[in-house]
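# Chains, contacts and geometry: an overview
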Amino acid sequence: KMNGLQRKLEEMGVDARRATSTRQLVLLDSARTVEQLLTNGMPDAQRFRDVIASQVESMIDVWRPFQLHAFGDMVDVLYSRGDADAAIELERLWDELASRTGFALYCAYDAAQFSNDGHRSAFDAICRHHDVIIRIPEKPDAGAEAISPA
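So, here's what we can say about the structure.

Cut-offs applied
- Position numbers for residues count from 1 along each chain, tracking the sequence in the order it is written.
- In keeping with the model being predicted, local features are shown solely for residues with a pLDDT of at least 70 and side-chain atom pairs are shown and tallied solely at 80 or more, while totals for entire chains, interfaces and linings include all residues.
- Where side-chain values are given, they derive from all heavy atoms of the structure, hydrogens and water being excluded.
- Residue types Ala, Val, Leu, Ile, Met, Phe, Trp, Tyr and Cys, when buried and joined through side-chain atoms within 4.5 Å, form a set referred to as a nonpolar core.
- Exposure categories follow from relative accessible area, calculated using a 1.4 Å probe and restricted to protein chains: below 20% of the type maximum is buried, above 50% is exposed, and the middle band is partly exposed.
- The secondary structure listing takes helices from DSSP runs of H or I that are at least 4 residues long and strands from runs of E that are at least 2 residues long, numbered from the N terminus.
- Whether two residues touch is decided by their heavy atoms; if any such pair falls within 4.5 Å, the residues are in contact.
- Residues forming no salt bridge and having over 30% relative accessible area are the ones grouped into patches, like charges within 9 Å of each other and nonpolar side chains (Val, Leu, Ile, Met, Phe, Trp, Tyr) within 5 Å.
- Using a 1.4 Å probe, the Shrake-Rupley method yields the accessible areas, and only the shown protein chains count as cover for residues.
- Between Lys or Arg on one side and Asp or Glu on the other, a salt bridge is scored when a side-chain nitrogen of the former is within 4 Å of a carboxyl oxygen of the latter.

So, on to the nonpolar core. Core analysis: the largest hydrophobic core is formed by 26 residues, its most contacted members being F48, I52, V56, L90, W94 and F103. Counting only elements with at least two residues in this core, the list comes to α3 (30-37), α4 (45-63), α5 (74-80) and α6 (84-101). Not counting the four nearest positions on each side in its chain, I52 is found in contact with L28, T33, L37, R47, M74, W94 and L97.

Okay, here's the thing in structure tokens:
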């Protein structure tokens, strides 16, 4: 069964099935994976190491000298269900792993959920874990805008 990301990659000319079979592409279900990381509603550092860090480190070893690129929306999964503290903690764990291992991490968030001023402090806390933030406009023909999180 092909998910949305695989379909998009195929549309772009990437053989996603082959990339998956050769472990050049590893896809995890965000919602299911998040549940594996939680203890009492919060991300657990040991579970993160077991589920995520071990896979990331394995992929880095397999594909060295190439840089690993990871794309994820697990923090957004937590935030969109109202778990801001858990989302910020998971962002911290990802950031720590990326800093330690040197892989490139790309995140995706539904920006609409941060439009309310009541979400500003959580938004700022999440942004502090990113080097660059790119706001994608709602209209496809408008240009993207890079924003410094500092």
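Here we come to the environment of V77. With respect to the helices and strands, V77 occurs in helix α5. As a C-alpha pair, V77 and A87 span 10 residues in sequence and 8.0 Å in three-dimensional space. Among all residues touching V77, those that are not within four sequence positions of it are S30, A31 and V34.

Let's shift gears to a nonpolar patch on the surface. On the surface, a cluster of nonpolar side chains totalling about 330 Å² of accessible area is made up of L5, F71 and Y106. Inspection of the secondary structure puts F71 in strand β3 (residues 69-72). The exposure class of F71 is exposed, given its relative accessible area of 55%.

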